[in-house]
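Commentary on secondary and tertiary structure
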Amino acid sequence: MGAGKTTAISALSEIPVINTDVRATDEAALRKERTTVAMDYGEMTLPDGQKLRIYGTPGQERFSYMWGILMEGALGLIILVDNAGDNPLGDLDLYLTHFRPYIEATTAVIGVTRMDVATEPGLEQYYDYLMQNDLQLPIFSVDVRERDNVVMMIEALVAMLEFG
Amino acid sequence: MHYTLSTYALEKRDKLFVNSMLELTKKKLGINWVLDDTEGQVTLVDIDQPAGVNFWEAYQSEKRLIAFADNNHVRAKLFLEKPLRVQSFTELLKQLSEHLDPLTSPPNTATATATPRSHTAAEPTPAAKPSLDAQHYDPTQYLSGLLQTALSAQETQMLSFSGFAPLYVMPQEKRCYTSAMGLANLNPSQKMLFAARSEQFSCAALNPALARDAIQEQGYKAYDIYTFIWGSALLSSNGRLLTNHSMQSFVRLKQWPNFTALPHQPTHMKLAAFMLKNTANIPRIASATQMPLATVIDFFNACALSNLLHIQKAQAGVNVNTHAAGEKKLSSEKRGLLGNILRRLGR
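1. Topic: the interface of chain A and chain B
Interface size is commonly expressed as the accessible surface area that is lost when the partners come together. Taken together, the contact between chain A and chain B spans 37 residues of the former and 32 residues of the latter. When chain A packs against chain B, close to 3,200 Å² is buried across both sides, 66% of that on carbon and sulfur atoms. The largest contributions to the chain A side of the interface with chain B come from A:Glu155, A:Glu162 and A:Phe163, which together make up 21% of the buried area. One can count two salt bridges joining chain A with chain B. Across the pair A:Glu14 and B:Arg344 runs a salt bridge whose closest N-O atoms are separated by 2.7 Å. Along the contact surface separating chain A from chain B lie eight residue pairs in polar contact (both at pLDDT 80 or more). Of all the elements in the fold, those that place two or more residues in the side of chain A that touches chain B are strand 2 (34-45), helix 5 (123-132), strand 6 (139-142) and helix 6 (147-163) of chain A. Grouping the amino acids of the side of chain A that touches chain B by side-chain chemistry returns 23 nonpolar, seven polar and seven charged.

Have a look at this one:
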């Protein structure tokens, strides 16, 4: 939660992002006033007229029932981890464990956000985690408010799908 | 009777202009200048291009060169400002023809066939100083070598390069500080900095506290020192493999390069994707990704100097354990879809 999924989709979508943000309650409210509880949705029209649909799945485990639904038929997966969260490596572990079958069949890209707010864990610790879990995935430190950073993750995802 | 002009590292569009301006010069002044990229009496060099800068450095004392750029940052005696203008171009040729002996033998084909330095085209490589023309890339002759030396000596330094903000090297922090730059889209001047040879920098050892004060006062941005080591290797290798490495060694990326902090181009993502999942030698990487060998070598050098590679020497009779090492079998439909996504994103 708070990693910037909604912002990242907004950076790419040519339509206003449709989301189901609600006012956060409980401990979540301390970190973010609004949080996604079902999904974000954005669209991009490709040169041949096809629509690329971009979904943001909720980050909190209690909404994990949505994850499988939104992943069905997905081209690729970008995982955003909030480095200023309570346990970013734990969050990554949760997502990678859940999505591992999908990642092994296709691929994923990891974007670590808010490294300017919290410098630890550093990217080396993320690399170490991936190595220990025998995963070879692209990792970026990103600011999802910067469109170029979001585009870079898509580029990496496409490259991994094509050559990885 | 005629005079000959060569060009080096010019963009295609400029090359075409030059060709047409030579025609104009002949009509306007009656002086016959022809394009001869094999052995011109004078060479027009685009010094906004890294290859052009290298060429300039190698030949400025040996050949008659005209610097062509936005600014005369090399303080050349013969300089043409971009964009090319008919009047200044013809006047310069007129002056030159007064100082040169005209040639009487037939010109060596006046066609505009030489291409600017790019990784997709063969580089015109006239005989050069050994350092530039060497088969192998020696990082000690470039910015990357200066930074590695500072790292190993743990010495705070200020590196100055003409026309740029100082580069403060803080090895204790493994960082460099300088003015902000867009790493995914370096401008020609920034490319020059990364491609520069070590002797183009003036280096001064500094007290770390003084360096910190200066950095704070100027509001300089912090960069990982490997941003510059990587960038220097990438932009100064020019297709030459790092010294003491073999094209046949099997390599694999230890980890994904953090491209948000590294100068790069979209093609490097493809190489990284392949090399993250596959162990292969350089020719195999080039063939699997359909990249020019020079691009793969430049990327290999940058990764190797940034400690991002597992390298396994190839030995006769040894079976290297390759992971996959084959092209992904994507349907043409999916490949088309991925291409459309990149096009839509302007890549």
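Now that the structure is up, let's keep going.
2. Details of the sheet that holds strand 10 (residues 201-205) of chain B
Strand-to-strand pairing in sheets goes through backbone hydrogen bonds, with the strands running parallel or antiparallel. Residues and elements named next belong to chain B. Strand order in the open sheet made by the five strands is 10-7-8-9-11, with antiparallel pairing throughout. Here the strands that pair on one side only, and so sit at the sheet edges, are strand 10 and strand 11 (221-224). The mean inter-strand angle of the sheet, taken between neighbouring strand axes irrespective of direction, is 25°. In this sheet, strand 10 lies alongside strand 7 (residues 157-161) in antiparallel orientation, the contact comprising five bridges. Paired with Met-158 across the bridge in strand 10 is Ala-204.

3. Describing the sheet that holds strand 4 (residues 65-69) of chain B
Residue and element names in this part refer to chain B. Within the open sheet, the five strands sit side by side as 2-1-3-4-5. Their pairing is parallel. In this open sheet, the two strands that pair with only one neighbour each are strand 2 (33-35) and strand 5 (79-81). With direction set aside, neighbouring strand axes in the sheet form an average angle of 25°. Pairing of strand 3 (residues 42-46) with strand 4, which is carried by four bridges, proceeds in the parallel orientation. Bridge assignment links Leu-44 to a residue of strand 4, and that residue is Ile-66. Contacting strand 1 (3-8), strand 2, strand 3 and strand 4, helix 1 (residues 12-29) crosses the sheet at an angle of about 155° to strand 2.

Definitions and cut-offs
Residues numbered from 1 in each chain as written. Chains lettered and ligands numbered in written order. Predicted model: local features only at pLDDT ≥ 70, side-chain atom pairs only at ≥ 80, totals over all residues. Heavy atoms only, no water. Contact = heavy atoms within 4.5 Å. Buried area = accessible area lost by both parts, 1.4 Å probe. Salt bridge = Lys/Arg side-chain N within 4 Å of Asp/Glu carboxyl O. Polar contact = N/O pair within 3.5 Å; in protein donor to acceptor, adjacent residues only side chain to side chain. Helix = DSSP H or I, 4+ residues; strand = E, 2+ residues; numbered from the N terminus. Nonpolar A, V, L, I, M, F, W, Y, C, P; charged D, E, K, R; others polar. Pairing = 2+ DSSP bridges. Axes fitted to C-alpha atoms, helices over the stretch in contact; angles between N-to-C directions.

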